[in-house]
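Coordinate inspection notes
These are the residues of each chain, in order.
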Amino acid sequence: MTDDARPTSEITLLGRSYVIACPPEEQEDLERAARYLDRAMHGIHSRGKILGNEKIAIMAALNITHELLQVLEERKASEETLNQLGERLDKALNDTSR
């Protein structure tokens, strides 16, 4: 498929439009991600300390990556806790059945 034939979607970040190649079934996810990124960029821009859209985008990407890593670590810890509880439950059930 040539670039001209690829389905695209238009998003807006800090008031600037971008056309992104995106399959139709992923368009909603792209728009949701773009809204999240736009809010993050506006938050950084409103503080007025960082100038330039590129630097704002980099800071937003770093902040979002940090959020993602925190959530992944929390999820991993929760899974470990559930595994430990499951092991305790199995042990307790095995002990009572003897």
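Residues numbered from 1 in each chain as written. Predicted model: local features only at pLDDT ≥ 70, side-chain atom pairs only at ≥ 80, totals over all residues. Heavy atoms only, no water.

A few points about helix 1 (residues 27–47)
This is how the line gets drawn: Under the DSSP-based scheme used, a helix requires at least four consecutive residues in state H or I and a strand at least two consecutive residues in state E, with every element numbered from the N terminus. What a helix is expected to span follows from its residue count: subtract one and scale by 1.5 Å. When a residue's accessible area, from a 1.4 Å probe over protein chains only, is under 20% of the maximum for its type it is buried; when over 50% it is exposed; and in between it is partly exposed. By construction, the arc corresponds to the directions joining the helix axis to the C-beta atoms. Contacts are residue-level and defined by heavy atoms, with any inter-residue pair within 4.5 Å sufficient.
Taking 1.5 Å of rise per residue, 21 residues should cover 30 Å, and helix 1 covers 30 Å from first to last C-alpha, within 8% of that figure. Restricting attention to buried positions, one finds in helix 1 the residues Leu30, Ala34, Asp38, Met41 and Ile44. Across the axial projection of helix 1, the buried residues extend over an arc of 125 degrees, all falling on one side. In helix 1, the exposed residues that point more than 90 degrees away from the buried face are Glu28, Asp29, Arg32, Arg39, Ser46 and Arg47. Buried residues along helix 1 sit against strand 1 (8–13), strand 2 (16–21) and helix 2 (53–96). Just downstream of helix 1 lies Gly48, where phi reads positive at about 75 degrees.

So, the environment of Leu13
Within the fold, Leu13 resides in strand 1. Note on Leu13: relative accessible area 12%, which makes it buried. Put simply, Leu13 and Ala34 are 21 residues apart on the chain and 7.1 Å apart in space, counted from C-alpha to C-alpha.

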